[in-house]
Amino acid sequence: MSSPPTKTTKNKTTKTAPSRPRDHLSPEDHLEILKQLYLARYFDVRLIKEKRRGRLTGTLYSSHNQEAILVGTLFPLKPSDWISPIHRDMPAFFLKDMRSGWENPDRMGMSIEEVCAQVWCKVGSPGRARDNWSHIGSRAKHIIHSTSMLAGTIPVAAGVVLADRLNGGDAVVLTYNGEGSTAQGVFHEAINFAAVHKLPVITIVENNQWAFGTPLELGCPTPDVATRADGYGIPGLIADGQDVFDVYDKVMEAIEWARAGKGPSIIECKTFRAYGHGDHDDDRAAKYRPQDEVEKGRSRDPIAVCKRYLVERGYLSNADALAFAAENKGAQEAKDDDFPPDVVAYMKKGVDYAIASPSPPAEEGGMWVFSD
Amino acid sequence: MAATQEKTKKNYLTAIREALDEEMERNPDMICLGEDIGLLGGAFGVTEGLMSKFGTHRVYDMPISEAAIVGVGVGACLNGKTVMAEMQFIDFISCGFDQIVNNLATYHYRTAGEVAMPMVIRGPAGGYGGGALYHSQMNEAWFAHSPGIKVVCPSTPFDAKGLMKAALRDKNPVLYFELKQLYRWSAIDEVLPDEDYEVPIGKAAIRREGRDVTIITYGQNVYHCLDAAKKLEEDNIDAEVIDLRSLVPLDEAAIVQSLQKTSRAIVVNEAPRTCGFAGEIVARISETAFQYLDAPVLRVTRMDTPVPWAHSLERYVLPSVEKIAEAARSVCRF
Ligand SMILES: Cc1ncc(C[n+]2csc(CCOP(=O)(O)OP(=O)(O)O)c2C)c(N)n1
Ligand SMILES: [Mg+2]
């Protein structure tokens, strides 16, 4: 990422690069990345099952098939970096700073207990069940609280790193957006500002080809969203959103660029929405999306892509690759023993905590309108 | 024979859809703009069938930009079209706020009457469904406070269809608040007339006649008020319930007439208390009907908070049958 304006690189070109950021990861890191993919998938699978059993309220926006984007963008971060996830990024809340230890209470990410309590609408949630699902955050953990208003937190992200620079920090911020959300005026307004001031705002666009019932071509005039970066004179990268290591490489580039004071960038991750927009939309989505498009879009499961690479590189034995078979399975087919036992156990702790946590007391409805 | 055939009752959502469909048919200059309204047929299905029937040149799946939806609509109206603009949830209207209050609402005024803006902005509104902060709002007061926009809020299938037709035939911008909890609530299904009809904008409806206290409301709170009126019978209080249906213009005559009979009133709306539309009604009563009053007029509104997610919290901040009944009792005790 040497010379702005835009260098839109496709996956293939990076393969020939002599040394990629991923090549500096240890063998353990490689296996940890696979483990995190399993965890993100299991979280989703479990919630879909719980929702179908009627145990959850609210809409579930599945991140199935998009997990490589979450893991690949979060793994390169330092603990003090900030993120701004949105509706489809629920696992991001606990995946952030997983490298400091899944069980480490001081890590700069939410615990699985906190995230599950939020999903179960219980008082144990960091937001005390005041707003739903992904509308949580944590100032202490450097996670920006989203609203429903798409793209509405990108300027907030810019403000956070503006303040961080004033405070002498070197944090970057990752904001997550669907490709449909890039149509909002505030998407432009925020990135424009960040570019003017060379702020370390990295805009991740999860281009899953659909925005609710609207296909990409009716929301965006170009097939690549990343080319918008040209207008701001900032780098626009394209990553293979099914390949966690390609995402990792691109994000590492953008982070180095940003920490060097060179400013923002846009990283478009090409992927495909596996299910309906939300679980309420599964049946209708089966009608408005052509079946062959859906099958093709789901044909490169990020877990399978990752495993294949790890085996090729000798980080994972063939036997170990076959031990768990979560890939290419829908939420209903996937069973607990398709996942590593520690992943299932980790999630179980979250679910148990959430179920035991009470609903918030009614009077809290009137609290915290103003600070004292 | 038609007489022996039982007419099917229709729900609130179908009533809105029929109005849109019939107006699209009647008015070749009408177009529809909104997110996911075509291929999908709308998040709730209100526009189902419109794109396949009228084509992609009259029904637009818009990029996710409320400012573009409204602003493009303004331009189309300027050039002779009638526009239905959908907000996927009325909460997202804030992202198009500038286009509405500064562009759309003022157009007729600042052009000394040269330009009319026949646009209806509609979208699902209201709480009581666990939709939390951004899928529960009733932000009608923002627009009632912006001169140049009419504001309506139907509570029955009959009114939903008739008000939508009136709104689409009106030369002025109309903000049409539809209650998503009423969309498919079968308890209020009703048979709709075969013939074309309008419900005039600016006319209230008496939903229940009574002698002792007037309960003034609109939207889904109409049903909470009717339940409260039932409860009040136990206290020998005979409540009259007025469903405003339109906020701008407001049917002051209906309110005054009722007060001449009851001399007591409460006003109920699910928006927050401060600067909510209920406050406006209290002010109008004070200006025009003070002489009929035997008690101060009370409001039952949402607390001055957002709408929280958890059921316990949501119930706590929103008006309820119990809170309404208690307010009515207290003005009757005064
Ligand atoms: C300002 C605003 N308008 C409309 C919506 C309703 N809405 C929620 S998600 C969504 C589609 C988002 O598509 P995209 O950005 O591609 O993200 P994806 O859901 O595909 O991950 C829409 C229209 C909203 N949340 N905010
Ligand atoms: Mg999308």
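Residues numbered from 1 in each chain as written. Chains lettered and ligands numbered in written order. Predicted model: local features only at pLDDT ≥ 70, side-chain atom pairs only at ≥ 80, totals over all residues. Heavy atoms only, no water.

Enquirer: How should the site of ligand 1 be read in this particular structure?
Expert: If you check the shell around ligand 1, you find 22 residues, and the closest are His 87, Arg 88, Ser 181 and Trp 210 of chain A together with Glu 66 of chain B. One chain alone does not account for the residues near ligand 1; they come from chains A and B. Within the contact set of ligand 1, an oxygen atom lies 2.5 Å away from a side-chain nitrogen or oxygen of Ser 181 of chain A. In this structure, a nitrogen atom belonging to ligand 1 sits 2.6 Å away from a side-chain N or O atom of Glu 66 of chain B. Coverage of ligand 1 by the protein chains reaches 96% of its 580 Å² of free accessible surface. (Near = heavy atom within 4 Å. Polar contact = N/O pair within 3.5 Å; in protein donor to acceptor, adjacent residues only side chain to side chain. Areas by Shrake-Rupley, 256 points an atom, 1.4 Å probe, with all protein chains shown as cover.)

Enquirer: How do you make sense of the pairing of strand β3 (residues 201-207) of chain A when you look at a structure like this?
Expert: Successive residues of a regular strand alternate their side chains across the two faces of the sheet. All names here are of chain A. Burial analysis of β3 places seven of its seven residues in the buried class, which makes it a mostly covered element. Relative to β3, strand β2 (residues 173-178) is paired through six bridges, and the arrangement is parallel. Pairing of Thr 175 across the sheet is with Thr 203, part of β3. Once you follow β2 into helix α7 (residues 185-196) and on to β3, the crossover reads as right-handed. (Buried < 20%, exposed > 50% of the residue type's maximum accessible area, 1.4 Å probe, protein only. Helix = DSSP H or I, 4+ residues; strand = E, 2+ residues; numbered from the N terminus. Pairing = 2+ DSSP bridges. Right-handed = clockwise from strand over helix to strand, strands pointing away.)

Enquirer: Sorry, what's going on with the coordination of the magnesium ion (ligand 2) here?
Expert: Any two of four tetrahedral donors ideally make an angle of 109.5 degrees at the metal, while pairs among six octahedral donors ideally make 90 or 180 degrees. Residues and elements named next belong to chain A. Looking at the magnesium ion (ligand 2), one finds its protein donor set to be Glu 179 (OE), Glu 179 (OE), Asn 208 (OD1) and Trp 210 (O), positioned 2.1 to 2.8 Å from the metal centre. In this structure, the magnesium ion (ligand 2) is coordinated by six donor atoms arranged in irregular fashion, with angles at the metal of 50 to 177°. We note that the donor set of the magnesium ion (ligand 2) lies within a single chain, spaced as E-x28-N-x1-W. Taken together, the residues span a long stretch of sequence, with Glu 179 in the loop between β2 and α7 and Trp 210 in strand β4 (residues 210-211) at a distance of 31 residues. (Donors = N, O, S within 2.8 Å, 3.2 Å for Na, K, Ca; no water. Tetrahedral: all angles 85-135°; square planar, octahedral: opposite > 155°, others 65-115°.)

Enquirer: Honestly, the interface of chain A and chain B in this entry has me stumped. Any pointers?
Expert: Reports of interface size often rely on the accessible area that becomes lost once the parts have come together. At the interface, 39 residues of chain A touch 35 residues of chain B. Summing both sides of the interface, chain A and chain B together bury roughly 2700 Å²; the carbon and sulfur share of this comes to 65%. The tally of links between chain A and chain B comes to one salt bridge. Here Arg 284 of chain A makes a salt bridge to Glu 48 of chain B, at a shortest N to O gap of 3.4 Å. In this assembly, chain A and chain B are joined by 11 residue pairs in polar contact (both at pLDDT 80 or more). Of all the secondary structure elements, the ones that give two or more residues to the side of chain A that touches chain B are α5 (112-119), β4, β5 (214-215), α8 (216-219) and α11 (282-288) of chain A. Looking at the side of chain A that touches chain B residue by residue, the class counts come to 17 nonpolar, 15 polar and seven charged. (Contact = heavy atoms within 4.5 Å. Buried area = accessible area lost by both parts, 1.4 Å probe. Salt bridge = Lys/Arg side-chain N within 4 Å of Asp/Glu carboxyl O. Nonpolar A, V, L, I, M, F, W, Y, C, P; charged D, E, K, R; others polar.)

Enquirer: How do you make sense of the packing of aromatic side chains when you look at a structure like this?
Expert: Any two aromatic rings considered together are summarised by their centre-to-centre distance and by the angle between their planes. Residue and element names in this part refer to chain B. Under the criterion given, the structure shown has 18 aromatic pairs over all chains. Relative to Phe 89, the ring of Phe 44 has its centre 5.4 Å away and its plane inclined at 70°; by these criteria the two rings are edge-to-face. Here Phe 89 lies in the loop between β3 (82-86) and α4 (97-104) and Phe 44 lies in the loop between β1 (30-34) and α2 (50-54), a separation of 45 residues in the sequence. Exposure remark for Phe 89: the relative accessible area of 13% places this residue in the buried category. Taken together, a centroid distance of 5.1 Å and an interplanar angle of 50° make the contact between Phe 44 and Tyr 183 tilted. With Phe 44 in the loop between β1 and α2 and Tyr 183 in the loop between β6 (174-179) and β7 (205-208), this pair connects stretches of sequence that are 139 residues apart. Classification of Phe 44 by relative accessible area gives partly exposed; the value is 23%. Through pairs of rings, three or more aromatic residues link up here, namely Tyr 12, Phe 44, Phe 89, Phe 92 and Tyr 183. In this arrangement the basic side chain of Arg 110 is found over the ring face of Tyr 107, its NZ or CZ atom lying 4.1 Å from the centre. (Phe/Tyr/Trp six-rings, centres within 6.5 Å; stacked < 30°, edge-to-face > 60°. Lys NZ or Arg CZ within 6 Å of the ring centre and 35° of its normal.)

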